[in-house]
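What follows is each chain in one-letter form.
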Amino acid sequence: MELYDLSITEAQARLDRREISAVELTRAHLDRIAAVEPLVRAFVTVTPELALAQAEAADRRLGQGERRPLLGIPMALKDVISTRGVRTTCSSRMLEHFVPIYDATVVTRLQAEGAVLLGKTNMDEFAMGSSCENSAFFPTHNPWDLERVPGGSSGGSAAAVAAGEAVYSLGSDTGGSIRQPAALCGVVGLKPTYGRVSRSGLVAFASSLDQIGPITRTVEDAALVLEAIAGHDPNDSTTADLPVPRYREALTGDLRGLRIGVPREYFAAGVDPGVATTLRQAIQTLADLGATIDWEVSLPHTEYALAVYYLIAPSEASANLARYDGVKYGFLAEGTSMWDEMERTRGRGFGPEVKRRIMLGTYALSAGYYDAYYLKAQKVRTLIKRDFDEAFTRYDVLVTPTSPTVAFRLGERVADPIQMYLSDVCTLPVNIAGICGLAVPAGLSKGLPVGMQLLGKPFDEATLLRVGHAFEQATPWHRLRPPLGQAGAPAQHVPHESETG
Ligand code: GLN
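Residues numbered from 1 in each chain as written. Predicted model: local features only at pLDDT ≥ 70, side-chain atom pairs only at ≥ 80, totals over all residues. Heavy atoms only, no water.

1. A look at helix 11 (residues 352-365)
Alright, step 1. For helix 11, with 14 residues, the first-to-last C-alpha span of 20 Å sits near the 20 Å given by 1.5 Å per residue.
Alright, step 2. Buried residues of helix 11: Glu 353, Val 354, Arg 357, Ile 358, Gly 361 and Ala 364, and no others. Axial view of helix 11: buried residues confined to an arc of 140°, hence all on one face. What points out from helix 11, more than 90 degrees from its buried face, is the exposed set Pro 352 and Met 359.
Alright, step 3. In the core, the buried residues of helix 11 are packed alongside helix 9 (305-320), helix 10 (338-349), helix 12 (371-394) and helix 13 (417-421). (Helix = DSSP H or I, 4+ residues; strand = E, 2+ residues; numbered from the N terminus. Expected span 1.5 Å × (residues − 1). Buried < 20%, exposed > 50% of the residue type's maximum accessible area, 1.4 Å probe, protein only. Arc of directions from axis to C-beta. Contact = heavy atoms within 4.5 Å.)

Okay, structure coming up:
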């Protein structure tokens, strides 16, 4: 088994036994990046010197007997998360040369745990998109099929983990951007409850929806990373002042007594037959593990979620992106007057999708249209939230597909924004309601990964992780690795540590 195939817990066990050093583990990942980046292109910036310096520091801490789950483990961060001294671009011309002067809270927390930063990953510009094709720099390729998209907007973060270029990564999720790429790349992605993880230092897209979360190879790894980054932060007043559970303790492997609901609206038209069949089998596995399944749940306002999202998210984006005026930071196109300069800066600094969102949002917020669009959307948002509140009085967890289709071909949806937006029909209601969602690999359809989405009550990530973990123990999907670069080659099965001895 290659070092770049290890999960956090497997790598940690080897570090603890001093079989490998953090520097060796980091070098293995830097070598892997050098080998596969020409094909995958998951990274905007690779930080080898920083990674090796952090790995050496981690080795010193390990040598002194310190033991922490993430100590010395190499990871990658979506390029929307501020890193002091390391370029943070949001895959936009606007921030192409922007070097932040402070770290996001999640970065400070990971550093305290001894994490090793390999680099910053590619994304759709300002996190707007579902395929990574809106990156101003280059698209990322899906390691399972290089002709296909990795999903988005955290496509680089998901592809990096799937390709063995990082043990784990962080993404951000406003309407599905952690879960959808995780599903399309065959890895685990967790969108925490709104307020669970600090957004301080996350470049804002839609502030009432944005949340940072982990992308990992196993559910146990997601539990470890969430525990490290979650919790109240005085720099983000929307973080909840609640204790952070020891998530790993929730992973009992047992689902007896658990009530699981299957909302029928998520299996409606538009869902690939292969995805639906895979999901039904996965849900049967949950039943075999002891959960009670209700196959006939209804969340009646689901059909409005896409429209609500595409009013609220662009409205908030139009306000948040007003700051890119060429005055304070970022790209500046010189002009003849202040207005001319601002127009040129925003005209050249933003790509077409970002401009589309700003226009949509500004329109929805304009005097005369505000009540009909933005305000109406907020009211329907409440109805969508109530559907979930009601369902969670009867069920502990809801199960849906993560994405209605498997990874689509590069270029296939770029000319049709609605088709692209539909990639997130299953994920965006979760952000609208502010609840938590976990994507886990559930099988293959046409040789490509299918994700199962588990939805939980606010701040009940522990139950999602418990279900995801039990499913993982009973299935082989998280151990499949993409046949990277070998056209037509079958997926490879990576044995568990215990199987290799
Ligand atoms: N694909 C959705 C959008 O384009 C969600 C993006 C996200 O979660 N950041 O807005």
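Still to come is the rest of the account.
2. Here we look at the sheet that holds strand 2 (residues 74-78)
In a beta sheet, neighbouring strands pair by backbone hydrogen bonds and run either parallel or antiparallel.
Alright, step 1. Ordered by their spatial adjacency, eleven strands build an open sheet running 1-3-2-4-6-5-10-11-9-7-8, and the pairing between neighbours is mixed. In this open sheet, the two edge strands, each paired with only one partner strand, are strand 1 (43-46) and strand 8 (292-297). Across the sheet, the mean angle separating the axes of adjacent strands is 25° when strand polarity is ignored.
Alright, step 2. Examined bridge by bridge, strand 1 and strand 3 (residues 116-121) share three bridges and lie antiparallel to one another. Bridge pairing links Phe 43 to Thr 121 in strand 3.
Alright, step 3. Along the sheet, helix 7 (residues 219-229) contacts strand 4 (168-173), strand 5 (188-191), strand 6 (211-216) and strand 10 (436-445); its crossing angle with strand 6, the most-contacted strand, is approximately 145°. (Pairing = 2+ DSSP bridges. Axes fitted to C-alpha atoms, helices over the stretch in contact; angles between N-to-C directions.)

3. Here we look at the site of the ligand
Alright, step 1. In the neighbourhood of the ligand, 15 residues make up the surrounding shell, with Gly 175, Ser 177, Tyr 309, Arg 357 and Asp 424 lying closest.
Alright, step 2. In the model, a nitrogen atom of the ligand is placed 2.8 Å from a nitrogen or oxygen of the Ala 127 main chain.
Alright, step 3. With respect to the ligand, the backbone of Gly 175 contributes an N or O atom lying 2.6 Å from an oxygen atom.
Alright, step 4. Its residues placed into classes, the shell around the ligand shows five nonpolar, seven polar and three charged. (Near = heavy atom within 4 Å. Polar contact = N/O pair within 3.5 Å; in protein donor to acceptor, adjacent residues only side chain to side chain. Nonpolar A, V, L, I, M, F, W, Y, C, P; charged D, E, K, R; others polar.)

4. With respect to the packing of helix 7 against helix 15 (residues 461-474)
Geometry of a packed helix pair, given as the angle between the helix axes and the separation of the axes.
Alright, step 1. In the contact formed by helix 7 and helix 15, the axes pass within 8 Å of each other and the chain directions differ by 155°. One element, helix 7, and the other, helix 15, form an angle in the roughly antiparallel class. On helix 15, the residues that touch Val 219, Glu 220, Ala 222, Ala 223 and Leu 226 of helix 7 are Glu 461, Leu 465, Gly 468, His 469 and Glu 472.
Alright, step 2. For the contact of helix 7 with helix 15, the per-class residue count stands at five nonpolar, two polar and three charged. (Parallel < 35°, antiparallel > 145°, perpendicular 65-115°, else oblique.)

Bear in mind that shape data such as this cannot, by itself, settle questions of function.
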